[in-house]
Amino acid sequence: MTSATQILLIGAGELGTAFLPHLSALPHTHITLGVRTPQKYNHLSSATVSLTPLDITGPSEALSQTFANYNIVISATGFGQYNGTLLKLAKEILDAGLLRRTANRSRLWFFPWQWGVNYDVTGDGQGLMPLFGEQAAVRDLLRAEATQNNIKWTILSTGIFMSFLFEQFWGVVDREGGGITVRALRSWEHGITVTDVSDIGKILARVITGDVEADNTVVYAAGDTVTYKELADIVERTAGEPVKREAWTIPYLEAELAKDRDDHIKKYRLVFARDGVCWDKHGTVNYELNIPVINVDKSLSILKLPHNMRSIMTTVFT
């Protein structure tokens, strides 16, 4: 009888909880959800999902020993981490791989927290996003040392979460002031890749089952890749009324940031006005495997509600 594949899923936030239904449906697999306070997440336990206390800021030696007990480690910790935490985790995974080799066990498969943009291109956003720079450093470390440390890794780049595109604070789709304004970052021809969190879990499960070649590489997903012109057209069509269109060019975004250098949202906007934040849907895992995903159009029309954009967006995204 084949023993179950042991998966450690770190984190039970928006992304981690979206992963669970897809991972727990995999055959001959058991999921351990690693969180700081397991008692808060007892509702997530099942026959195929157990919980364990885990603090990734803890001592590295103990964490490496813990990670070595699993066949697959998936990080869904989110961005709310101390500087250096993601690189620390990657190093602990490398040590865990060596522990497994010493015990004559198979390679550990690592999915780092890289569910975002192409950090090889963005780098640290010209100094604006040290965390993005750390993400790039994690990639460099895995490329240099994973194989010799009995580790294989996969990065699944997904763009931003679909819901984030419509958050009021992001400012791209603005519902305040009695109308709807759609703003382009950089230009109307500039693009953005977005993926629904549940679809990320669906695609991840197919990667784990080996339906696509993903060893020691970056693979891509996309619920949709749209230009800002296409986004404005979709919003206008869904709203059933004209929308105001406003382009925030790179010089404009730079000037706005200069007024408040510590504004993280302004930093994000400027970074997303540059390269590395979108890719062709035809080069994605979901396209290759014909996995149905939610696109921008469907995300705004999926609810059986009156065609009032402010009502739809308030219900879905806030």
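Residues numbered from 1 in each chain as written. Predicted model: local features only at pLDDT ≥ 70, side-chain atom pairs only at ≥ 80, totals over all residues. Heavy atoms only, no water.

Caption draft 1: Main features of the packing of helix H2 (residues 60-67) against helix H3 (residues 85-102). Orientation of H2 relative to H3, taken along the N-to-C sense of each, is 55°, at an axis distance of 8 Å. Judged by the angle between their axes, H2 and H3 are oblique. The handedness of the crossing between H2 and H3 is right-handed. Along its contact with H2, which presents Ser60, Leu63, Ser64, Gln65 and Phe67, the element H3 presents Lys88, Leu89, Glu92, Ile93, Asp95, Ala96 and Leu99. (Axes fitted to C-alpha atoms, helices over the stretch in contact; angles between N-to-C directions. Helix = DSSP H or I, 4+ residues; strand = E, 2+ residues; numbered from the N terminus. Parallel < 35°, antiparallel > 145°, perpendicular 65-115°, else oblique. Left-handed = near helix turned anticlockwise from the far one by under 90°. Contact = heavy atoms within 4.5 Å.)

Caption draft 2: Structural view of the layout of surface pockets. Estimated volume of the largest pocket: approximately 380 Å³. As for the largest pocket, its lining consists of 20 residues, of which Phe79, Trp113, Ile160, Phe161 and Phe164 are closest to the centre. Listing elements by their share of the lining of the largest pocket, those giving two or more residues are helix H1 (14-24), strand E7 (160-161) and helix H9 (264-272). Taken together, the residues of the lining of the largest pocket break down into 13 nonpolar, five polar and two charged. Approximately 260 Å³ is the volume attributed to the second largest pocket. (1 Å grid on protein atoms, 1.4 Å probe; cavity = no way out; pocket = protein on both sides within 12 Å on 5 of 7 lines; lining within 4 Å. Points joined across faces, edges and corners; volume = space filled by probe spheres on them. Nonpolar A, V, L, I, M, F, W, Y, C, P; charged D, E, K, R; others polar.)

Caption draft 3: Summary view of the confidence of the model for the chain. Of all residues in the chain, 94% attain a pLDDT of 70 or more, and the chain-wide mean is 92. Note on residues 303-318: pLDDT is under 50 here. Beyond four places in sequence and across chains, it has 31 contacts. (pLDDT = per-residue confidence, 0-100.)

Caption draft 4: Local environment of the environment of Thr249. Relative to the helices and strands, Thr249 resides in the loop between strand E13 (244-248) and helix H8 (250-259). Along the backbone, Thr249 and Leu270 are 21 residues apart, and their C-alpha atoms lie at a distance of 9.0 Å.

Caption draft 5: Broad picture of H9. Buried residues dominate H9, accounting for seven of its nine residues. Among the residues making up H9, those that are buried are Lys266, Lys267, Tyr268, Arg269, Leu270, Val271 and Phe272. For H9, the elements touching its buried residues are helix H5 (130-145), E7, strand E9 (181-185), strand E10 (191-195), E13 and H8. By the N-cap criterion, in which a side-chain oxygen at the helix start approaches the backbone nitrogen of a residue two or three places on, H9 is capped by Asp263, the distance to Ile265 being 3.0 Å. (Buried < 20%, exposed > 50% of the residue type's maximum accessible area, 1.4 Å probe, protein only. Polar contact = N/O pair within 3.5 Å; in protein donor to acceptor, adjacent residues only side chain to side chain.)

Caption draft 6: Just the packing of aromatic side chains, in detail. Tallying each qualifying case throughout the model produces ten aromatic pairs. Ring centres 5.0 Å apart and planes at 35° place the aromatic pair Trp109 and Phe111 in the tilted group. Owing to a relative accessible area of 8%, Trp109 belongs among the buried residues under this scheme. Ring geometry for Trp170 versus Phe272: centroids 5.7 Å apart, planes at 85°, classification edge-to-face. (Phe/Tyr/Trp six-rings, centres within 6.5 Å; stacked < 30°, edge-to-face > 60°.)

Caption draft 7: Main features of the sheet that holds strand E5 (residues 108-111). If you walk across this open sheet you meet the seven strands as E3-E2-E1-E4-E5-E6-E11, and the pairing is parallel. Both outer strands of the open sheet, strand E3 (49-53) and strand E11 (217-220), are each paired with one neighbouring strand and no more. Taken pair by pair, the neighbouring strands of this sheet meet at an average axis angle of 25°, ignoring direction. With three bridges joining them, E5 and strand E6 (residues 151-157) adopt parallel strand pairing. Across the sheet, residue Phe110 finds its bridge partner in E6, namely Trp153. (Pairing = 2+ DSSP bridges.)

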